[in-house]
Amino acid sequence: MPTKPHPDLERKSALPDLDYHEAEGLPMAPEAEKAKVRREWMLVGAGLAALSLILLTAFALATRNSGDTTTVVTRTAAPAAPAAAAGPAKAPTLADAKGVAFEKYAKVDPTLPAVPAGAVKKFTVDVLQHVTQVDPNLAPTEAWSYAVNGKAYRGTAASPPIVVNQGDKVQVTFVNGGSKKMAVNMAHSIDFHSAEVAPNKSYIDVAAGKKLTIDFVAKHPGVFMYHCATQPVLMHTSAGMMGMMVVKPRNLPPVDRELWLTQEEFYLGAPGEPANAAKMAAETPDVMAFNGYANQYKAHPITVRRGERVRMYVLDAGPSKWSAFHVIGTVFDTTHVEGVVGQFTLDHEGNYPFVTHSFGDMVKGAAGILHTTGAPKVVAPAPAPAAAPGHDMGAMKADINATLGEMFVKADTTSVKAGKVTFAVKNTGGTMHGLAIVADPAKAPGGMLDESTFLAKGKELPAGAGDMVTADLKPGSYELVCFLPGHYAAGQKLAFQVK
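I will try to describe carefully the structure that is included in this document. The structure presented is a predicted model; accordingly, all values stated were derived computationally and were not measured.

1. Regarding the pairing of strand E10 (residues 242–248)
Piece 1. Counting buried residues along E10, seven of its seven residues qualify, which places the element largely inside the surrounding structure.
Piece 2. Where burial is concerned, the two faces of E10 agree: the one with Met242, Met244, Val246 and Lys248 and the one with Gly243, Met245 and Val247 are both buried.
Piece 3. Bridge count between strand E5 (residues 162–165) and E10: four bridges; the pairing is parallel. The residue bridging valine 163 from the neighbouring strand is valine 246, located in E10.
Piece 4. The pairing of strand E9 (residues 222–227) with E10 spans six bridges and is antiparallel. Paired with valine 223 across the bridge in E10 is valine 246.

Written out as structure tokens, the structure is:
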């Protein structure tokens, strides 16, 4: 039975629902699907299937209305029906979320913010973890979002845009949860596609409550993504940790209105819980949205005056799906796509990861590093040390020596006698990790470990750090897991037996 929308969110669109193919004047399925495929491949060949889409030059809106205003409504095709067999888990509805508290929806203003004053453009970018809907008919989800200079879009999973001019000096103070109300309980980071900096210095994990300053010059114009780069990246970006940075080109002609739209997808887990890892890996989103909330600009259309010249900045933030943005009924004067000609220099010594920004593919192995001379050496993950039981870490003796890394747990033995068992833990990875022991099979609804089932839990370990974890274990089957959100779903686990 259809779920009634939240009363605060129940709105009627100014325009009736239209089928995408009908609105485009195309034949209906199955020929419609063939036409759509042909059209999408033509767009790819034209260079429109790029990560960031920049619509820099304005268009004049025509209207059949006699009034002064007209309404711009963006429409997307309905997703294809999933296969009947072994389909993804259904999206939880609002009715499934009984008893789950969440933030009330508030429309995100799509007006592009102004460039800040001052010789150096300063931004304080904070992190917040909050429970919100991303679709009025579906259950709320735990979103991880950014706030910029005190502006946050609670009630959605959107993050504010950052806007500068080409050539500006930029200073970003990244704060991972600046107050208790931000409710941050894990390490996060920030990565700017617009910056030329050494990632191993600027895009590092920052513990909850800590901060980091990043300085760069915005040399290149365009619409760029900023996002959390903490592993697993797919988990953090799917939870909403991404936004738009606009670097306006020199001599950009004035227009009447400037609008921003960030497209992203959401993979709903249990009501009020973080994103579902299995859906992320399968790239089967429950929601596709502009500015953090599905269909918000259908329920609350963006209104402009007839004849106004409007510039739209559009970012496909993903994390995995492409966008083919289009405004039905008008034609852009010009469309600029980032990356038509791609070349670069590495201005600083450092290690520069390269990935496919389709993160569902990246986690399967499409990644590497560009290493400059003089930068810290990159060490490949090593097998677990073949040390005998009784390895000394401090004053304690260990029964099992465990090694954590991206994205694995290894140990020198996978069998131990029942009783008090001590684990010597070493983080050999480049990001935060931490060991916990759970009974097999682990309880991980939506890919997130249930902490109430932990038999023992160690510390959050930065790269290179160690820890000792002790548990009183009875005979049976267990798992060693990394307890940081999303790491278990990314494969950071190891089975072992207690005799």
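2. Here we look at the pattern of salt bridges
Piece 1. Inspection of the entire model under this criterion finds eight salt bridges.
Piece 2. In this structure, glutamate 258 and arginine 311 form a salt bridge, with 3.1 Å as the shortest nitrogen-oxygen distance. One end of the pair, glutamate 258, is in strand E11 (residues 257–266); the other, arginine 311, is in strand E14 (residues 309–318), with 53 residues separating them in the sequence. One exposure class covers both glutamate 258 and arginine 311, and it is buried.

3. Brief notes about the sheet that holds strand E4 (residues 141–148)
Piece 1. An order of E4-E3-E6-E8 is seen for the four strands of this open sheet, with the pairing classed as mixed. Both outer strands of the open sheet, E4 and strand E8 (211–217), are each paired with one neighbouring strand and no more. Recorded for the sheet is a direction-independent mean angle of 20 degrees between the axes of neighbouring strands.
Piece 2. Of the pairings in the sheet, the one linking strand E3 (residues 120–132) to strand E6 (residues 169–175) comprises seven bridges and is parallel in character. In the sheet register, lysine 122 faces E6, and the bridge partner there is glutamine 171.

What counts and what doesn't
Residues numbered from 1 in each chain as written. Predicted model: local features only at pLDDT ≥ 70, side-chain atom pairs only at ≥ 80, totals over all residues. Heavy atoms only, no water. Buried < 20%, exposed > 50% of the residue type's maximum accessible area, 1.4 Å probe, protein only. Helix = DSSP H or I, 4+ residues; strand = E, 2+ residues; numbered from the N terminus. Pairing = 2+ DSSP bridges. Salt bridge = Lys/Arg side-chain N within 4 Å of Asp/Glu carboxyl O. Axes fitted to C-alpha atoms, helices over the stretch in contact; angles between N-to-C directions.

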